[in-house]
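Close look at the chain arrangement
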Amino acid sequence: MSKRSRILSQVGLSPAPVLEANAAGVDIGATEIYVAVAPDRDAQPVRRFATFTEDLMAAADWLERCGITTVAMESTGVYWIPLFQMLEARGLKVCLVNARHVKNVPGRKSDVSDCQWLQYLHAVGLLRASFRPEQQICAVRSVMRYRDSLVAMAAVHLQHMQKALDQMNLQLHHVISDLSGTTGMAILDAILSGERDPHRLAKLRDPRIKADAATVARSLLGDYRREHLFTLGQSVTAFRHYQQQLSACDIEIEKMLAEFSDGGGPDQPKLEAPKDRHKPRRNELRFDLRGHLYRVFGVDLTAVPGINAQTAHTLLSEVGRDLSAFPSAGAFASWMGLCPDNRVSGGKVLSSHTRKVKNRLAKALRLAAQSLFRSQSWLGQFFRRMRAKLGAPKAITAAAHKLARILFHLLTTRQPYDESVFAIQEIQNNQRMQQKLAQQAKKYGFQLVEIKNNLRMWSLGTRVASISAQGRQGNLR
């Protein structure tokens, strides 16, 4: 009998039934790992291994000799990735768990106890694996996240350029909208080449910008100091270097997307032209991203109001196109932290706030929800109605939750987006608005009178109403 079983028997409790007899637990560290198996599998059930590749292979060999088929480990930084991939390649089922969900008993914190605690929880079936997409999706995700970091670092050097101009009292970045555009970079190159005449510099402006040549010339009168010119040159060089790195990332991402199989099959209809054409922004992917995503997903996600190609690509790189790991649309939205996290005690709901999770897809959907403010679609009406009722923050979460459910339906059914299915909900919404107007009119002594036009044409159940008032001293029309 193990020590844990003896303690449980002394207090009158029976040990939990073992559901995973071939389970192991691994405590991950930067330079060493601790692996625990059941006491009956080896004379030394807990072993320490270094994180060199040959040591990780030795740990995998030992687990196979012990008859282990499933392993639980914490998601600690990026240290778990090599061992995870090595065990997965050998056919072992790896359960990657959140470190917050497997906290040990206070006062018993050590690497040995941690790996034993993981092994016990996994053996009795108390661990829930975190979602991890397939390897092909993980490869795209790694490059895409690295690209996001390049965008952030390029933005830092753009701020350094603006700071150098401020210190020389050059107001160019306040006159033109984009310092890194054609006009801004041409003028900065001329300044770094030694040109100081503001009128000659102003002639480099692109004719399409709103500021005239005289205004640009006035903004280029300043104190050209040596130290600030040096930092400006360094920042311009670094900014262009990161732009070249971004172009290389775009080429690699396009190659990766081209390796995906077609999601819609050979009979997939041709992609229609986008309804709203816009000039590509500076940090957008520089290839036909919408076409690649349509081929991979098998459905045009950009047809959903608020969803652009960048948001759809975030869905692909963070989750993938196979959502079978989520049993329902509600589970998918809950994974992103877009659902209320009800905390109940004593039959009372203590809190219903959403969980604070760092999810890149949830962030992208929240940004997409904000873009619905001026949309004339049903989703735009839904967002504005929630905004008036709940306020902007909660309305953004509600609209992002609605977008998540729509995307889940499109990807699981491979059906194109059809807004006509919301017609019934629109009729119900109009009926609620009519009832609300009738109640308000009755409250102030008014009466709603229905006006029917001669053509008797109705749009989704909406009606035109006029208000007639009956005052206390007589009838008013």
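As shown above, the structure is provided for reference.
Overview of the structure. This structure is a prediction, so every number in the text was calculated from the model and none was measured.

**As for the pairing of strand S4 (residues 70-74)**
- Counted residue by residue, S4 has five buried out of five residues, so it is predominantly covered.
- Across the two faces of S4 the burial is the same, with Thr70, Ala72 and Glu74 and Val71 and Met73 all buried.
- Summarising the sheet, strand S1 (residues 23-27) and S4 pair through four bridges and their orientation is parallel. What sits directly across from Gly25, in S4, is Ala72.
- Tracing the backbone out of S4, into helix H3 (residues 80-89) and back to the parallel element strand S5 (residues 93-97) gives a crossover that is right-handed.

**A short note on the sheet that holds strand S2 (residues 32-36)**
- The strand order across the open sheet formed by five strands is S3-S2-S1-S4-S5, and the pairing between neighbours is mixed. Since the sheet does not close on itself, it has two edges, and those belong to strand S3 (46-50) and S5, each with one partner. On average, each strand axis in the sheet is inclined to that of its neighbour by 25°, with strand direction left out of account.
- Summarising the sheet, S4 and S5 pair through five bridges and their orientation is parallel. The residue bridging Val71 from the neighbouring strand is Val94, located in S5.
- Each of S1, S2, S4 and S5 touches H3; the most contacted strand, S4, lies at about 170° to it.
- Packing of helix H4 (residues 111-123) onto the sheet brings it into contact with S1, S2, S3, S4 and S5, and relative to S1 it is tilted by some 145°.

**Some details on the packing of aromatic side chains**
- In this structure the tally under the stated criterion is twelve aromatic pairs.
- Residues Phe131 and Phe326 carry aromatic rings whose centres are separated by 5.0 Å and whose planes lie at 45° to one another, so their mutual orientation is tilted. In this pair, Phe131 sits in the loop between H4 and helix H5 (135-167) while Phe326 sits in the loop between helix H12 (309-318) and helix H13 (329-335), placing the two residues 195 residues apart along the sequence.
- Three or more aromatic residues link up through ring pairs in this structure, and these residues are Phe131, Phe326, Phe332, Trp335 and Phe408.
- Directly above the aromatic system of Phe382 lies the positively charged group of Lys402, at a separation of 4.8 Å from the ring centroid.

**So, the side chain of Asp27**
- Checked against the element boundaries, Asp27 lands in strand S1.
- Setting aside residues no more than four positions away along its own chain, Asp27 makes contact with Glu32, Ile33, Tyr34, Asp111, Asp114 and Cys115.

**Comments concerning the packing of helix H14 (residues 360-370) against helix H16 (residues 392-413)**
- Between H14 and H16, whose axes approach to 8 Å, the crossing angle comes to 110°. In terms of orientation, H14 and H16 fall into the roughly perpendicular class. Both H14 and H16 take part in a crossing whose hand is right-handed. In this structure, H14 contributes Leu365, Arg366, Ala368, Ala369 and Gln370 to the contact, and H16 contributes Ile396, Thr397, Ala399, Ala400, Leu403, Ala404 and Leu407.
- Of the residues belonging to the contact of H14 with H16, the class tally is nine nonpolar, two polar and one charged.

**Comments concerning H4**
- The end-to-end C-alpha distance of H4, which contains 13 residues, comes to 18 Å, matching closely the 18 Å that a straight helix rising 1.5 Å per residue would cover.
- What H4 keeps buried is the set Ser113, Asp114, Cys115, Leu118, Gln119, Tyr120, Leu121, His122 and Ala123.
- A positive backbone phi angle near 80° is found at Gly125, which sits one or two residues after H4.

**With respect to the packing of helix H2 (residues 53-65) against H3**
- The contact between H2 and H3 brings their axes to 10 Å, and the two run at 45°. Overall, the two elements H2 and H3 adopt an arrangement that is oblique. Once H2 is placed against H3, the crossing between them reads as right-handed. Taken together, the residues of H3 that come into contact with H2 (itself represented by Thr53, Leu56, Met57, Ala60 and Leu63) are Pro82, Leu83, Met86 and Leu87.
- Taken together, the residues that form the contact of H2 with H3 break down as eight nonpolar, one polar and no charged.

**Here we look at the environment of Gly91**
- Considering the arrangement of structural elements, one finds Gly91 in the loop between H3 and S5.
- Spatially, the C-alpha atom of Gly91 lies 9.2 Å from that of Thr70, the residues being 21 residues apart in sequence.

**Some details on a positive patch on the surface**
- Among the surface-exposed residues, Arg100, Lys103, Arg128 and Arg355 lie close enough to one another that they form a single positively charged patch.
- Note that Arg128 resides in the loop between H4 and H5.

**Here's the deal with unusual backbone geometry**
- Residues other than glycine seldom take positive phi values, yet Asn169 does so here, at roughly 60°.
- By the secondary structure assignment, Asn169 is in the loop between H5 and helix H6 (172-175).
- Given a relative accessible area of 46%, Asn169 falls into the partly exposed group.

What counts, and at which threshold
- Residues numbered from 1 in each chain as written.
- Predicted model: local features only at pLDDT ≥ 70, side-chain atom pairs only at ≥ 80, totals over all residues.
- Heavy atoms only, no water.
- Buried < 20%, exposed > 50% of the residue type's maximum accessible area, 1.4 Å probe, protein only.
- Helix = DSSP H or I, 4+ residues; strand = E, 2+ residues; numbered from the N terminus.
- Pairing = 2+ DSSP bridges.
- Right-handed = clockwise from strand over helix to strand, strands pointing away.
- Axes fitted to C-alpha atoms, helices over the stretch in contact; angles between N-to-C directions.
- Contact = heavy atoms within 4.5 Å.
- Phe/Tyr/Trp six-rings, centres within 6.5 Å; stacked < 30°, edge-to-face > 60°.
- Lys NZ or Arg CZ within 6 Å of the ring centre and 35° of its normal.
- Parallel < 35°, antiparallel > 145°, perpendicular 65-115°, else oblique.
- Left-handed = near helix turned anticlockwise from the far one by under 90°.
- Nonpolar A, V, L, I, M, F, W, Y, C, P; charged D, E, K, R; others polar.
- Expected span 1.5 Å × (residues − 1).
- Patch = residues over 30% accessible without salt bridge, like charges linked within 9 Å, V, L, I, M, F, W, Y side chains within 5 Å.
- Areas by Shrake-Rupley, 256 points an atom, 1.4 Å probe, with all protein chains shown as cover.
- Salt bridge = Lys/Arg side-chain N within 4 Å of Asp/Glu carboxyl O.
- Lys, Arg positive; Asp, Glu negative; His and termini not counted.
- Charge placed at Lys NZ, Arg CZ, Asp CG, Glu CD.

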